Amino acid sequence: QVQLVESGGGLVQPGGSLRLSCAVSGTVVGINFMGWYRQAPGKERELVGTAISGGSTNYADPVKGRFTIFRDNAKNTVYLQMNSLEPGDTAVYYCNAEIMKWYGESYRNYWGQGTQVTVSS
């Protein structure tokens with residue numbers, strides 16, 4: 001059984017930093033797309049950024065220059081380094097990945113359980 005296990009959320013002051021992690025739990029044979037989304041209260045889920053195995057990344061404009069996504073492929077883990085946090089970054093952050101569980105199977109989309117990030121004085 002494959003799961004995405006998130007950690008690293010919490011309460012931080014404006015201007016502070018947090019590092020989120022998302023680890024793939026279970027046996028898999030391939031991970032392609034990995035990324036992060038977030039959802040604030042009363043808002044739709046929105047893209048934060050994505051990364052592929054080749055190292056290419058992209059970011060939504062509100063976080064560009066402040067957030068960084070990087071992957072440790074050997075550990076099947078993706079990280080979201082969040083710097084210069086702002087109150088507008090407050091949201092539940094969700095990890096997302098496309099995973100091949102076994103040879104010959106197609107990639108399927110998985111979501112983490114979500115981790116709360118609160119930026120407040």
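This text goes with the structure placed above it.
Below, the structure is looked at part by part.

**Quick word on the nonpolar core**
If you look at soluble globular proteins, the nonpolar side chains tend to sit buried side by side.
Alright, step 1. Of all hydrophobic cores here, the largest spans 28 residues; its most connected members are Trp36, Leu80, Met82, Tyr93 and Ile99.
Alright, step 2. Every element with two or more residues in this core is listed here: strand S3 (18-25), strand S4 (30-39), strand S5 (46-51), strand S7 (67-72), strand S8 (77-82), strand S9 (91-100) and strand S11 (115-119).
Alright, step 3. Of all the elements, S9 adds the most residues to this core, at five residues.
Alright, step 4. If sequence neighbours within four positions are ignored, Leu80 has contacts with Leu18, Arg19, Leu20, Trp36, Val48, Phe67, Thr68, Ile69 and Tyr93.

**What about the state of the cysteines?**
Alright, step 1. Tallied over the full model, the rule gives one disulfide.
Alright, step 2. The partner cysteine of Cys22 in its disulfide is Cys95, sulfur to sulfur 2.1 Å. Linking Cys22 and Cys95, the disulfide has an S-S dihedral of approximately -80 degrees and is accordingly described as left-handed. Placement of Cys22 in strand S3 and of Cys95 in strand S9 is noted, with a sequence separation of 73 residues between them. Each member of the pair, Cys22 together with Cys95, is buried.

**Here's the deal with the pairing of S7**
Alright, step 1. Taking every second residue as pointing to the same face, the buried face of S7 carries Phe67, Ile69 and Arg71, while none of Thr68, Phe70 and Asp72 on the other face is buried.
Alright, step 2. Counting the residues that bridge the hairpin from S7 to S8 gives four residues, and of these Asn76 lies at a positive phi of roughly 50 degrees.

Thresholds applied
Along each chain, the written sequence defines residue order, and numbers are assigned to residues from 1. Local features are withheld for residues below a pLDDT of 70 in this predicted model, meaning they are given only at 70 or higher, and side-chain atom pairs are given and counted only at 80 or more; totals for whole chains, interfaces and linings count all residues. Water and hydrogen atoms were dropped before computing side-chain values, which therefore reflect all heavy atoms in the structure. In this text, buried Ala, Val, Leu, Ile, Met, Phe, Trp, Tyr and Cys residues form a nonpolar core when linked through side-chain atoms within 4.5 Å. Exposure is judged per residue with a 1.4 Å probe applied to protein chains only, and the accessible area is read against the type maximum: over 50% gives exposed, under 20% gives buried, and values in between give partly exposed. What counts as a helix is a DSSP run of H or I of at least four residues, what counts as a strand is a run of E of at least two, and both are numbered from the N terminus. Here, residues are in contact when the closest pair of their heavy atoms is within 4.5 Å. Put simply, a disulfide is two cysteine sulfurs that come within 2.5 Å. A pair of strands counts as paired when DSSP detects no fewer than two bridges linking them.

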